[in-house]
Structures are given as structure tokens and as C-alpha cells.
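# Observations on chain architecture
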Amino acid sequence: MAGNATGNHFRVTTFGESHGRAIGAVIDGVRPGLPIDLSFVQHELDRRRPGQSAVTTSRSESDQVEILSGLFEGKTTGTPVCMIIWNKDQQPKAYEKIKDMFRPGHAGYTYMAKFGVSDYRGGGRSSGRETAARVAAGAVAKRLLAHKGIDIVGYTLEAGGIRARSFDTSVIERNPLRCPDPEAAAAMEQLILRLKEEGDSVGGIVEVTVSGPPAGLGDPVFDKLEADLAKALMSIGAIRGFEIGNGFAAARLRGSQNNDPIYFDESAGRVRTRTNNAGGVAGGISNGEDIVVRIAVKPPSSIRKEQETVTLDGKPATISVEGRHDPCICPRVVPVAEAMVALTLYDHLTRQKLLSRKTRLQDLRDTIDLIDHNIVLLLSERQGLVRQIGALKKRKGSGIVDRGRERQILKKQLSVARDLELDARFIEEMFRAIFKLAKTSQKAIARS
Ligand SMILES: Cc1cc2nc3c(=O)[nH]c(=O)nc-3n(C[C@H](O)[C@H](O)[C@H](O)COP(=O)(O)O)c2cc1C
């Protein structure tokens, strides 16, 4: 099924399940010659890793990342970068007792309704484990953004109704909640440990702040920056809400309170706003102020407390989920949320590069390299479809060459080329070459 990839130009596909052999990510659209700092990728994975404290699961995965492709002498080659993390500490037996029941709050029933099959061992693809692959890919984007002076910091703003009241970035990574207020962190920890004892769990709010973004990121109207950020963040398991800037609070303000006054900052040499109620985005495009987003994280569903459910064949049952589960996932969601924000921003930065009016020769060449790269990627995608059609034709016993279809494609694309003032003869030659490539591979399939 589609739905396993994100991004347009910096495109990330994740694969793997909680109790499969491995999980990983393939990044497509990475420019050649970029350094990948493997130790930083590992550092980010270690932040998401289970077993870091008593408030998270005790599953003990080392989450060692390996790079399988796309790297030569520490630098990207421009080909897909594949990163893999082997699953080591699986305990499928822990799920034996409940394998014939749907777990409330989990995706077992909906996966069954959609796919007709559901991996009961840890939720399969719907497991929080899948997010390790996002963190690995996000670390690459985060590093590339940092080279451009863009920093992303996430933290737990609220857990179990307890909210951070003070803000000190230096304490975030020094408490198990990843909370910027040490006092609130201690209260959150106490509450979570008590609920864990009671066999229950608790939710919270994670906030991510991006400092140093340029103005101009985001593509109206359907790929507005906040729309893409919302989609990226809402795709993380257990996320129930998204806000940007003052979010839902804006609904209760007057225009005069909600507007961000505009001024020209001489020292920065650009237009700025005095306040940041908008959260760094206006009209779907970043305005250069910090981007501030928040997500609501639900209490994890796997709890020891007994709950009502049904068996796979619909009989009433009672379930108590034993095993190693997070009583609060906020601290583990923090690096995942940062990763999704990084992937979205780097994708938009790459798009913006294609749009900007370049003057330096190297910049222009960089952009041409990226366009050429995308031409090859699109051609490879076309060839994939061509092969699928070849297999269908073989099954149906129909012929490979379809001159009518070729004429139809040519007519359509030549008309587009004319509108764009491209040389029609060249476009025709290019398509003849593409048709030849397609026919060669379909003929090979017909012979196989
Ligand atoms: C990093 C991470 C860790 C998670 N750990 C758990 C867990 O230990 N127990 C649990 O019930 N859910 C956990 N979840 C949430 C489930 O994956 C999620 O609730 C489930 O797949 C159903 O999807 P939904 O909540 O988005 O509807 C985790 C999610 C993330 C992102």
C-alpha cells in the first residue's frame, strides 16, 4: 500500500515492523557530496531509544544504525541513502496471551478491517518502533539544516495536566521528561510512576521550536508550511492534535490582540514582527520568525488495568496488557517530532532553492544538478510503472507495442512543450528515446 513515504524533493520512505528483522529508511533526493554524520544519527536514535528511564518502556534496544547505500568516503553520492536498524530485543511471547483479542486504543481492529491481516506482536507497522526510522532520516535533515543556521528543539510542555512554567533549554536533556522546567519535570515524573504502579498511563503536550528559519518556506495553497507540518506530525502514532503559534487560543482573541505588529529590524536588515502569535508562518509561508508548533500526545493504550474488548471473532472479553510499555510517551515523542519537523523543513528548503533567483554560477549549477537528479528519479519511477504494465500485458497476452498510446502521449506533451516554448523536435526525440526504453523492458518481461 502507498503511504510509506513523505516529502517531495527530499523524499523519505520507511520500512519494517516492530517484530520483523529490521526497520529502516530510504532517503531519496539527497544531493551528492554532503557529509553524513553517523555519530549524530546515532545520538538522535539514542534519544528516542526505549529503556532510558523509569517513565518509559524497559524494552532494551541498542538501535544501532547501519548505512547500506548512498555513501562513499563519508559523503553522499546522490543515490538513495538506505539506513537500517536491526530489531534485537523482541519478545513475541509477551503477546501470546492477548493475540486473539483487539487491544483498545491500538490499530489491531482497523488494520484487520483494511488489510485482512494484523500483526499482533507489538502492533507491527503501527508500533512506535517505526518512528526510529523517522528519527534516523530526520537526523540527516537536522544536520543539513543546522549547517544553514536552522535549529530545532523539542520538549515536553505538559504531562498528565502538569505544565512547564519556566523555560530553560539547558535542562531539557537532563531530566527523564525532557521538560524545560525542572520542578514541573519532577512533579510529572512522580505522577507517571504512580500511574505506572496502578497499571495506567498518561498523555501530554510536546512543543517544537525552530529558530533561524528563512522567510519564504511553504508552497500555497495545498502545501502550506503549517499544513505539511501538521500532516508530518499527525502521522506519528498517538498524536491527537496540532497547533501552530497560539493555535486554538486564537479563537478567543480579538484581531487587535492576535495580530503580530510588523517593523523593520535595521540590524537584521529585514521585516520582523514584534510578537509571534502566528508561530512563524503567514499565508502558508515562513516569515523568518521562530516556527512554534505543539502536538497533543494521547496516553499510551497498552495498560495493565482491565478493559472491555472483543476477541477476533467478536466475542466479549476482558483484556489486561502486560509487557514492557511506556506509561507516558512524551519524552520519546520529542526526538520523533523534531525529526518530522526537520524532514518537512528540509524538503521545503530544497523546493525553495529551486524557486530562488540565483546569481552565483555554483548555485545555478547546484540547482541544475538537483533538477537532473529529479529527472532521473522520475524516469526510474516511470520505468517501474512500465514494468507493471508489461507484467499485466503478459498476463493478458496482449502485444507490447501500442502506437496509438505513443501518439496520444506525444500529442499531449508536445502541446505542453509548445506552451512552455520548448523545442518541439527535441521533446519528440526525448519521448521516442523514453518509449524505446519502455519497450525494451516490456519485451524482456514478455520473454521471461
Ligand atoms: C515513540 C513511541 C512509542 C510508543 N510506545 C507505546 C507503548 O509503549 N504502548 C502503547 O500502547 N502505545 C505506544 N505508542 C503509541 C502507539 O504506537 C499508537 O497509539 C498506536 O499505534 C495506535 O495509533 P493511534 O494512537 O495513532 O491511533 C508509541 C508511539 C510512539 C511514537
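Everything discussed here concerns the structure shown above.
The structure displayed is predicted, hence computed values, not measured ones.

About the criteria used
Here the residue index of a chain counts from 1 through its sequence in written order. A pLDDT threshold of at least 70 governs which residues receive local features in this predicted model, and a stricter bar of 80 or more applies before side-chain atom pairs are shown or counted, although totals over entire chains, interfaces and linings include all residues. Heavy atoms throughout the structure, all of them, feed into the side-chain values; hydrogens and water do not. In this description, the term disulfide denotes a pair of cysteine sulfurs within 2.5 Å. To sort residues, take the accessible area from a 1.4 Å probe on protein chains only and compare it with the maximum for the residue type: under 20% means buried, over 50% means exposed, and anything in between is partly exposed. Only runs of H or I of at least four residues qualify as helices and only runs of E of at least two qualify as strands under DSSP, and these elements are numbered from the N terminus. Residues count as neighbours in contact if any of their non-hydrogen atoms are within 4.5 Å of one another. Think of a salt bridge as a Lys or Arg side-chain nitrogen and an Asp or Glu carboxyl oxygen that are within 4 Å of each other. Throughout, the term near means that a residue has one or more heavy atoms lying within 4 Å of the molecule or strand in question. Each polar contact in these results corresponds to two N or O atoms within 3.5 Å; when the atoms are within protein, one needs to be able to donate a hydrogen and the other to accept it, and residues that are neighboring in sequence are counted only if both atoms are side-chain atoms. Amino acids are sorted into nonpolar (Ala, Val, Leu, Ile, Met, Phe, Trp, Tyr, Cys and Pro), charged (Asp, Glu, Lys and Arg) and polar (every other residue, Gly among them). Paired strands, as defined in this entry, are two strands with at least two bridges between them according to DSSP. Every axis corresponds to a line fitted to the C-alpha atoms, with the helix fit spanning only the stretch in contact, and the corresponding angles, defined between N-to-C directions, vary from 0 to 180 degrees. Working rule for handedness: look at the near helix, and if it is turned counterclockwise from the far one by less than a right angle, call the crossing left-handed; if clockwise, right-handed.

## Some thoughts on the state of the cysteines
On inspection of all chains with the given rule, the structure shows zero disulfides. This cysteine, C179, is not joined by any disulfide, and C330 carries the nearest cysteine sulfur, 10 Å off. For C179, a relative accessible area of 0% translates into the label buried. Left unpaired, C328 is separated from the closest cysteine sulfur, that of C330, by 4.0 Å.

## Some thoughts on the side chain of T14
Relative to the helices and strands, T14 is located in strand β2 (residues 11–16). For T14, a relative accessible area of 9% gives the class buried. Leaving out residues up to four positions away in the same chain, T14 has contacts with N4, G24, A25, R125, E130, A133 and R134.

## Quick look at the pattern of salt bridges
The tally for this structure, following the rule as stated, stands at 28 salt bridges. The shortest N-O distance in the salt bridge between R143 and D37 comes to 2.9 Å. In this pair, R143 sits in helix α3 (residues 131–147) while D37 sits in the loop between β3 (22–28) and α1 (38–48), placing the two residues 106 residues apart along the sequence. Of the residues examined, D37 reaches a relative accessible area of 27% and is grouped as partly exposed. Here E289 and R270 are joined by a salt bridge, their closest N and O atoms 3.9 Å apart. With E289 in the loop between β15 (285–286) and β16 (291–297) and R270 in strand β13 (residues 270–273), the pair connects residues that are 19 residues apart, well separated along the chain. What you see here is one network of salt bridges that share partners, running through E44, R47, K142, E173, R178 and E338.

## As for the site of the ligand
Taken together, 19 residues are adjacent to the ligand, and S126, R240, K298, S302 and D326 come closest. For the ligand, an oxygen atom lies 2.9 Å from a polar atom in the backbone of A238. The contact in question runs from an oxygen atom of the ligand to an N or O atom on the side chain of R240, over 2.8 Å. Each residue belonging to the shell around the ligand can be placed in one class, and the counts come to four nonpolar, ten polar and five charged.

## Some remarks on the sheet that holds strand β4 (residues 65–69)
Taking strand neighbours across the sheet as the criterion, the five strands line up as β1-β2-β3-β7-β4 in an open arrangement whose pairing is antiparallel. The sheet is open, and its two borders are formed by β1 (5–6) and β4, each paired with just one other strand. Alignment of β4 against strand β7 (residues 81–86), held across four bridges, turns out to be antiparallel. Its bridge partner lying in β7, V65 is registered against I85. Sitting on the sheet, α1 is in contact with β4 and β7, with an inclination near 135° to β4. Sheet strands touched by α3: β2, β3 and β7. Its angle to β3, the strand with the most contacts, is close to 35°.

## Considering the environment of V336
You can see V336 is positioned in helix α8 (residues 330–355). A relative accessible area of 2% means that V336 is categorised as buried. The contact partners of V336, leaving out residues within four places of it in the chain, are R48, T131, R134, V135 and I236.

## Some thoughts on unusual backbone geometry
The general pattern is negative phi for most residues beyond glycine and trans for most peptide bonds. Put simply, P220 and V221 share a cis peptide bond, and its omega is 10°. Along the chain, V221 turns up in the loop between β10 (204–211) and α6 (225–234). Of note in this structure, R178 is not a glycine but carries a positive phi near 55°. Considering the arrangement of structural elements, one finds R178 in the loop between α4 (169–172) and α5 (182–197). Under the relative-accessibility criterion, R178 is labelled buried at 6%. With a phi angle near 60°, E421 is a residue other than glycine that sits in the positive phi range. Turning to its location among the elements, E421 is positioned in the loop between α10 (403–419) and α11 (424–447).

## Let's talk about the sheet that holds strand β8 (residues 151–159)
Read from one edge of the open sheet, five strands run β9-β8-β10-β16-β11, paired in antiparallel fashion. The sheet is open, and its two edges are formed by β9 (162–163) and β11 (239–244), each paired on a single side. Pairing geometry for β8 and β9, over two bridges, is antiparallel. Opposite A159, over in β9, you have I162 as the bridge partner.

## A look at the packing of α10 against α11
Where α10 meets α11, the closest approach of the two axes is 10 Å, and the angle between their N-to-C directions is 145°. Between α10 and α11 lies a crossing of right-handed hand. The segment α10 lies against α11, with R403, E406, I409, L410, Q413, L414 and A417 engaging A424, I427, E428, F431, R432, F435 and K439. Among the residues forming the contact of α10 with α11, the class breakdown is eight nonpolar, one polar and five charged.

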